[in-house]
Amino acid sequence: MKLSRNDSRVLAMAILYQVDLFEKKDIDYELEEVIQKNIVGIEGDVSFIRELVTGVIEHNEELISIANKYLNNWNISRLGITDGAILKIAIYELLYTTTPHKVCIDEAIELAKCFSDEPVIGMINGVLDKVYHEKVQEK
């Protein structure tokens, strides 16, 4: 099966969800094994999935800090694991990839529409708008 970029983001979100659970439950894991188990049967280039997953993990503390800065009276740990993964993927893409900014935000909102509830969708949109205007545009 060949994945679209949107499907790749969904898979990256699922992998990050698993990693988050492993870490919260103090379960040992090998990231490459988790990735491999999730990409079995996928044809073509899976480098985008790897880039998102490893990038988010590598920059996790920074991404959490940025999200928390813009989550008014909230922090990312209060969001569901899926919501946090969506937010971190989008912030990572905005700051560290060449994906057009509008695409990063639109894709995150579409993921949130599938996996989150209405208040969280608005929260994610608001955070990404602030990240774009205050972080990305100042580059």
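An account of the accompanying structure is given in this report.

Procedures and definitions
Residues numbered from 1 in each chain as written. Predicted model: local features only at pLDDT ≥ 70, side-chain atom pairs only at ≥ 80, totals over all residues. Heavy atoms only, no water. Salt bridge = Lys/Arg side-chain N within 4 Å of Asp/Glu carboxyl O. Helix = DSSP H or I, 4+ residues; strand = E, 2+ residues; numbered from the N terminus. 1 Å grid on protein atoms, 1.4 Å probe; cavity = no way out; pocket = protein on both sides within 12 Å on 5 of 7 lines; lining within 4 Å. Points joined across faces, edges and corners; volume = space filled by probe spheres on them. Nonpolar A, V, L, I, M, F, W, Y, C, P; charged D, E, K, R; others polar. Axes fitted to C-alpha atoms, helices over the stretch in contact; angles between N-to-C directions. Parallel < 35°, antiparallel > 145°, perpendicular 65-115°, else oblique. Contact = heavy atoms within 4.5 Å.

### Side note on the pattern of salt bridges
- This structure, assessed with the given rule, holds 6 salt bridges.
- A salt bridge links Glu93 to Arg9, with the shortest nitrogen-to-oxygen separation between them at 2.8 Å. Note that Glu93 is positioned in helix H5 (residues 81-96) and Arg9 in helix H1 (residues 5-24), a separation of 84 residues in sequence.
- A salt bridge links Lys102 to Asp106; its shortest N-O distance comes to 3.1 Å.

### Some details on the layout of surface pockets
- By volume, the largest pocket is sized at about 380 Å³.
- Residue lining of the largest pocket: 18 residues in total, with Asp20, Glu23, Asn60, Ile64 and Lys88 positioned closest to the centre.
- Of all the secondary-structure elements, those providing two or more residues to the lining of the largest pocket are H1, helix H3 (47-58), helix H4 (60-70) and H5.
- Examining the composition of the lining of the largest pocket, we find that 6 residues originate from one element, H1, more than from any other.
- When its residues are assigned to classes, the lining of the largest pocket shows 10 nonpolar, 4 polar and 4 charged.

### Comments concerning the packing of H5 against helix H6 (residues 101-115)
- For the pair H5 and H6, the least separation of the axes is 9 Å and the interaxial angle reads 175 degrees. As summarised for this structure, H5 and H6 are arranged roughly antiparallel, according to the angle between their axes. Here Thr82, Asp83, Ile86, Ala90, Glu93 and Leu94 of H5 come into contact with H6, specifically with His101, Cys104, Ile105, Ala108, Leu111, Ala112 and Phe115.
- Split by residue class, the contact of H5 with H6 holds 9 nonpolar, 2 polar and 2 charged.

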